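These are the residues of each chain, in order.
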Amino acid sequence: MTIDKEPAELEQLIHILHHGVGLQDTSVKGTLAIIGGKLTGDIPLGSEAPAFAMRKRLILMGLQSKRISEASDAISLLIVAIIFALMIWASYPDTPWWVMMLTSVCLYWAYTSIKMFRRLGRIIYAVKSTEQLIPDPKLNIQPQRVQDIKKLRHRFGKSRMLSRVMGLGIAILAFWMIQLFYTQTPTDLLSLYFIFPTALMFGIGLIFYPVNKAENLYLYGVTQMSFKDMPAGLKLFLYVGVGLSAAMLVAYGFSVDVLGYLSPLLKGHY
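Residues numbered from 1 in each chain as written. Predicted model: local features only at pLDDT ≥ 70, side-chain atom pairs only at ≥ 80, totals over all residues. Heavy atoms only, no water.

**Topic: helix H8 (residues 213-220)**
Those residues of H8 lying buried are Lys-213, Glu-215, Asn-216, Leu-219 and Tyr-220. Viewed end-on, H8 has its buried residues packed into an arc of 160 degrees, placing them on one side of the element. Two residues or fewer after H8 comes Gly-221, characterised by a positive phi angle close to 90 degrees. (Buried < 20%, exposed > 50% of the residue type's maximum accessible area, 1.4 Å probe, protein only. Helix = DSSP H or I, 4+ residues; strand = E, 2+ residues; numbered from the N terminus. Arc of directions from axis to C-beta.)

The following block contains the structure:
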């Protein structure tokens, strides 16, 4: 007897949609739990957004992306299964046993992908039909402009320092990965490397603008500030990072030897 987990999962997703995740939790343990939940898939992307509309939009984007991936997998597996079926038809009754086994495996995986595709369609419909029941928290933005800067620096000094340390770690890791990309040009997870320029600039931005959950909760009433409420300097770093990521992708696409252009500069020869 199998137990249908879809109603319970949908109920949990609707709960996250209405209430969000970690909007009042500033602890490191809570942050790590959220990261772990995202890695395992228990917590969908966008769950920490402070507004219902933003959470709904991001959750739907994640579900649609999964549905497209399942459809792509199902189509690919069916094509492979058809090729194996033609091989069986052409060689029967002398068909090797492993061809029949692979055909069965491909058909089973295609069935599971189609089943997941339909399941995600039902979940997406339910999320789209969900209306907001709980008002968004009223963000305490206006008083931020008249806050005592020295008082905030003293009160949230530890939280700001942790953000700076995290930003430094992100920047060092991103810079190392970019250097690895241009010196060794790895083939595994290649598309992942193009986000590291953005990560590098975000890490540098955190060093200069150490936003943190504790201060956000005090100033805004929620731990996650929206993009429009971010410091202008941090936004600038993010814009520059996105531009660098795009330039890196274009340069790779056109086989531009970026390291060859930068080597004379790095060696001090102009």
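**Focus on the pattern of salt bridges**
Evaluation of the coordinates by the stated rule reveals 3 salt bridges. Between Glu-48 and Lys-213 there is a salt bridge, and its shortest N-O distance comes to 3.6 Å. One end of the pair, Glu-48, is in the loop between helix H2 (28-40) and helix H3 (52-91); the other, Lys-213, is in helix H8, with 165 residues separating them in the sequence. Here Glu-48 matches Lys-213 in class, with each residue buried. Note that Arg-160 and Glu-215 form a salt bridge whose closest N and O atoms lie 2.7 Å from each other. (Salt bridge = Lys/Arg side-chain N within 4 Å of Asp/Glu carboxyl O.)

**Focus: the environment of Leu-234**
Within the secondary structure, Leu-234 sits in helix H9 (residues 232-253). In this structure, the C-alpha to C-alpha distance between Leu-234 and Ile-207, residues 27 residues apart in sequence, is 9.6 Å. Excluding its chain neighbours within four sequence positions, the residues that come into contact with Leu-234 are Phe-202, Gly-205, Leu-206, Tyr-209 and Val-211. (Contact = heavy atoms within 4.5 Å.)

**Considering helix H7 (residues 196-208)**
Counted at 1.5 Å a residue, the expected span for H7 with its 13 residues is 18 Å, and the 19 Å between its end C-alpha atoms agrees. Phe-196, Pro-197, Thr-198, Leu-200, Met-201, Gly-203, Gly-205 and Leu-206 are the residues of H7 that are buried. On its buried face, H7 is in contact with helix H6 (157-184) and H9. (Expected span 1.5 Å × (residues − 1).)

**Description of the side chain of Ser-245**
By secondary structure assignment, the location of Ser-245 is in helix H9. Residue class for Ser-245 comes out buried when judged on its relative accessible area of 9%. Leaving out residues up to four positions away in the same chain, Ser-245 has contacts with Phe-194, Ile-195, Pro-197 and Thr-198.

Fair warning: the whole summary comes from geometry, so function is off the table for now.
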